[in-house]
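Coordinates in review
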2 protein chains.
Amino acid sequence: MATSELGEFERIRRFFAPLTGPGGMRLLDDAALVDCPAGRRLVVTTDAIVAGVHFLPGDPPDRVAQKLLRVNVSDLAAMGARPRHYLLTTALPSEFGTDWLAAFARGLEADQRHFGMDLLGGDSVATPGPAVLSLTAIGDVAVGAEIRRGGACPGDRVWVSGTIGDAWLGLAVLRGAYPELAPAHRASLIARYQVPDPRTGLGPRLAGVAHAMIDVSDGLLADLGHVCEVSRVGAVVHADAVPLSPAARAIVEADPSLLPRLCAGGDDYELLFAAPPTASETIRALSASLGLPTTAIGTIEAGAGVRLLGRDGRPVALGDTGYRHF
Amino acid sequence: MATSELGEFERIRRFFAPLTGPGGMRLLDDAALVDCPAGRRLVVTTDAIVAGVHFLPGDPPDRVAQKLLRVNVSDLAAMGARPRHYLLTTALPSEFGTDWLAAFARGLEADQRHFGMDLLGGDSVATPGPAVLSLTAIGDVAVGAEIRRGGACPGDRVWVSGTIGDAWLGLAVLRGAYPELAPAHRASLIARYQVPDPRTGLGPRLAGVAHAMIDVSDGLLADLGHVCEVSRVGAVVHADAVPLSPAARAIVEADPSLLPRLCAGGDDYELLFAAPPTASETIRALSASLGLPTTAIGTIEAGAGVRLLGRDGRPVALGDTGYRHF
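Residues numbered from 1 in each chain as written. Chains lettered and ligands numbered in written order. Predicted model: local features only at pLDDT ≥ 70, side-chain atom pairs only at ≥ 80, totals over all residues.

**Re the overall build of chain A**
What chain A contains, in helices and strands, is nine helices and 11 strands. A compact globule built from 326 residues should have a C-alpha radius of gyration of about 20 Å, and chain A, at 20 Å, falls within 12% of that. With respect to the principal axes defined by its C-alpha atoms, chain A has extents near 65 × 55 × 35 Å. Taking all 326 residues of chain A together, the buried fraction comes to 55%. In chain A, the proportion of contacts linking residues at least 24 apart, taken out of those at least 6 apart, comes to 86%. (Helix = DSSP H or I, 4+ residues; strand = E, 2+ residues; numbered from the N terminus. Rg over C-alpha atoms; globule rule 2.2 N^0.38 Å. Buried ≥ 20, exposed ≤ 12 C-beta atoms within 10 Å, placed from the backbone. Contact = placed C-beta atoms within 7 Å.)

Encoded structure:
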């Protein structure tokens, strides 16, 4: 079932075996071994990306690998967990040859070093269709320190790390939008789309601080909606408070009607969390120590659903933003 | 990204959330929690199947689900581990609608009850290509009781559970071969191809008995080759000793030249293991207590590579079997 010039076994041996740690045993066994340190629990998540849907077949393979790993690492961070291991499944068409795989493996290698992870195992199959890449990430968290979606309480402040909307704009730029934007802004938006920066420094340090947390993948409003649904509360977000990068700000200043759309766009992989007002100073100090901005953008309230309020305090119509209430 | 009449969230809620256990939290969080019992290690493996490659798009969806789960469970059994949890990724084209998914979920439900597993998490994406299904299985094993591939020693006997070649013949029957075969034989071969029976009862009980173990997925000879390569030994297999089902025996009696081909065919999901001669009585007693035949088919020897010997004691040519030495 070779998908390239090399046979499956040789490709695994050459590109993936070097990425394993002790538990992955150089991919020479039926399965891998994972020890869980005393007092900790394992945290597992899985996400897949499809060529033509979640990435473009012509995207740089190392960036595709990094995006695949990072969207999973972001889920671990959103639970307050630290990343440790991953398993990888590649279903590749024959035109993804050895060069593509070599670059893909280089992207994994750089990122697993960055995040302190190793490869445990995987599968490599051929497909006559588009490439489908699936990754399972394993992290760990101190027992009781996991941060779930269901703990938001009325009166909590809603916080978000970093900036919102860049990935959505980055995809738009790749598709030809905003030709008038400064080249540095264009590059920064594209990078945010192609290689998200999961907040592994912040997530685990919010244990005991945040009542509920999620990473922004479906979009700020949709993901806050997920938190509200599980927590059985509602939320209000002030559009003007939503943090924007200089590139996004330049675009919104030219077209203010885009702001609600950015609040609905996905793929930011920032952390969105609810914390009691008494935690605000702790969060600001943590944010400063990490050099990662965090911004209070709204409030949890009794009820259900998410309302986005404009500068005038009136609800912003979300009909055209792609956001829907679950 | 709905792949059917229902939206993604509704499909997950309806079909997959009911399959979760406590750690999967009804798929309402970013990731799942896994506790590892004291004195045990977790064992993880992942395998993917592609429509048109590993199953046929028209195959019954519940059987597809069972095959996907079982090929992974077989890897756990081959490490001596017991199955506990799984994560599932589906990349489905739009023609796989709600009915397909409902039947697929029913297959999972029946099997996870059978094997004592629960769903931890997953991802559900749309693809314009053929369905790609990927599953990560998690089991556990007492520390030190894991059985790896690398421990086979010269003088060990080579054993295999159940019967060999049925799945390969089952696929041939599905493709129209052996029209003269008795209907009951045809049905039993097809069932062996579509729904393997991983040896979860036997695997963990071979801890301290088997020196090395693997499950037969690539084919008896290829998989024995994997054991030999990692153990740095060779092996000899007596073709006449290889256990055949009544259906396979009927076919081989009509065409004896098929026997080597069955030894190279894959997808048996039997356990293939090496154990010292002193363990033979223990293995026979275990086999009897489980009602699962196990058969000594050869010997581990110094050197490298796998030799298949015919009734006359001379090597059988493997050029046309698909087996190659790694």
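Back to the write-up after that little detour.
**Observations concerning the pairing of strand S9 (residues 271-275) of chain A**
Residue and element names in this part refer to chain A. For S9, a buried count of five out of five residues is recorded, marking the element as mostly surrounded by other parts of the structure. Neither face of S9 is open: one carries Leu271, Phe273 and Ala275, the other Leu272 and Ala274, and all of them are buried. The sheet contact formed by strand S6 (residues 157-161) and S9 spans four bridges and is antiparallel. From the neighbouring strand, Trp159 faces S9, where its bridge partner is Phe273. Judged from the four bridges that link them, strand S7 (residues 212-215) and S9 form a sheet pairing that is antiparallel. Pairing of Asp215 across the sheet is with Leu271, part of S9. (Pairing = 2+ DSSP bridges.)

**Quick notes on the domain arrangement of chain A**
It is common to report an interface's size as the accessible area lost on association of the parts. Residues and elements named next belong to chain A. Annotation of chain A at the domain level lists domain 1 (8-142) and domain 2 (157-309). The partner domain 2 presents 16 residues to the 16 residues of domain 1 that form the contact. Listing elements by their share of the side of domain 1 that touches domain 2, those giving two or more residues are helix H2 (61-78) and strand S3 (82-92). In terms of residues, the side of domain 1 that touches domain 2 owes the most to one element, H2, which gives 10 residues. The class makeup of the residues in the side of domain 1 that touches domain 2 is seven nonpolar, three polar and six charged. (Domains from an automatic or database assignment. Nonpolar A, V, L, I, M, F, W, Y, C, P; charged D, E, K, R; others polar.)

**Focus on helix H7 (residues 246-254) of chain A**
Every α-helix carries 3.6 residues per turn, so stepping three or four residues along brings you back to the same face. Residue and element names in this part refer to chain A. For H7, the complete set of buried residues consists of Ala247, Ala248 and Ile251. For H7, the angular spread of buried residues about the axis comes to 95 degrees, placing them on one side. H7 presents Pro246 and Glu253 as exposed residues on the side facing more than 90 degrees away from its buried surface. Contacts made by the buried residues of H7 are with helix H4 (166-174), helix H5 (183-194) and helix H8 (259-264). (Arc of directions from axis to C-beta.)

**Section: the environment of Cys36 of chain B**
Structurally, the position occupied by Cys36 of chain B is in the loop between strand S1 (32-34) and strand S2 (40-50). Between the C-alpha atoms of Cys36 of chain B and Asp111 of chain B, which are 75 residues apart in sequence, the distance is 22 Å. Once you skip the residues sitting within four places of it in the chain, Cys36 of chain B turns out to touch Cys36 and Leu42 of chain A together with Leu42 and Asp140 of chain B.

**Focus: the relation of the copies chain A and chain B**
Of the transformation placing chain A onto chain B, the axial shift is 0.0 Å and the rotation is 180 degrees, giving an RMSD of 0.0 Å. Accordingly, the operation relating the two chain copies is best matched by a two-fold axis. Looking at the rotation axis and the C-alpha trace of chain A, the residue lying nearest is Gly129 of chain A, at 2.2 Å. Interface overlap between copies is the fraction of interface residues in one copy that are interface residues in the other; for chain A against chain B it reaches 100%, indicating a shared surface. (Least-squares fit on C-alpha atoms with pLDDT ≥ 70 in both.)

**Structural notes on the interface of chain A and chain B**
Contact with chain A, which involves 49 residues of that partner, is made by 49 residues of chain B. Of all the secondary-structure elements, those providing two or more residues to the side of chain A that touches chain B are strand S1 (32-34), strand S2 (40-50), H2, S3, strand S4 (118-126), strand S5 (132-142) and S7 of chain A. Split by residue class, the side of chain A that touches chain B holds 28 nonpolar, 10 polar and 11 charged. Relative to S2 of chain B, S1 of chain A is paired through three bridges, and the arrangement is antiparallel. Within the sheet, the bridge partner assigned to Val34 of chain A lies in S2 of chain B and is Leu42 of chain B.

**Things to note about the environment of Glu180 of chain A**
Residues and elements named next belong to chain A. With respect to the helices and strands, the residue Glu180 is situated in the loop between H4 and H5. Glu180 sits in the exposed class, given 9 other C-beta atoms within 10 Å. For the pair formed by Glu180 and Ile251, sequence separation is 71 residues and the distance between their alpha carbons is 9.8 Å.

**Considering the sheet that holds S4 of chain A**
One open sheet accounts for five strands, arranged S4(A)-S3(A)-S5(A)-S2(A)-S1(B); its pairing is mixed. At either end of the open sheet lies a strand with only one pairing partner, and these are S4 of chain A together with S1 of chain B. Adjacent strand axes in the sheet meet at a mean angle of 20 degrees, parallel and antiparallel pairs treated alike. Sheet strands touched by H2 of chain A: S2, S3 and S5 of chain A. Its angle to S2 of chain A, the strand with the most contacts, is close to 140 degrees. (Axes fitted to C-alpha atoms, helices over the stretch in contact; angles between N-to-C directions.)

**Topic: the sheet that holds strand S4 (residues 118-126) of chain B**
The strand order across the open sheet built from five strands is S1(A)-S2(B)-S5(B)-S3(B)-S4(B), with neighbouring strands paired in mixed fashion. Taken across any chain shown, the strands that pair with only one partner, and hence form the sheet edges, are S1 of chain A together with S4 of chain B. Pairwise comparison of adjacent strand axes, ignoring direction, gives a mean angle of 20 degrees for this sheet. This element, helix H2 (residues 61-78) of chain B, spans S2, strand S3 (82-92) and strand S5 (132-142) of chain B of the sheet and lies at about 140 degrees to S2 of chain B.

**Topic: the packing of H4 of chain A against H5 of chain A**
Residues and elements named next belong to chain A. For the pair H4 and H5, the least separation of the axes is 7 Å and the interaxial angle reads 110 degrees. Judged by the inter-axis angle, H4 sits roughly perpendicular to H5. Crossing hand, H4 versus H5: left-handed. Between H4 and H5, the residues in contact are Asp166, Ala167, Leu169, Gly170, Leu171, Val173 and Leu174 and Arg186, Leu189, Ile190, Arg192 and Tyr193, respectively. (Parallel < 35°, antiparallel > 145°, perpendicular 65-115°, else oblique. Left-handed = near helix turned anticlockwise from the far one by under 90°.)

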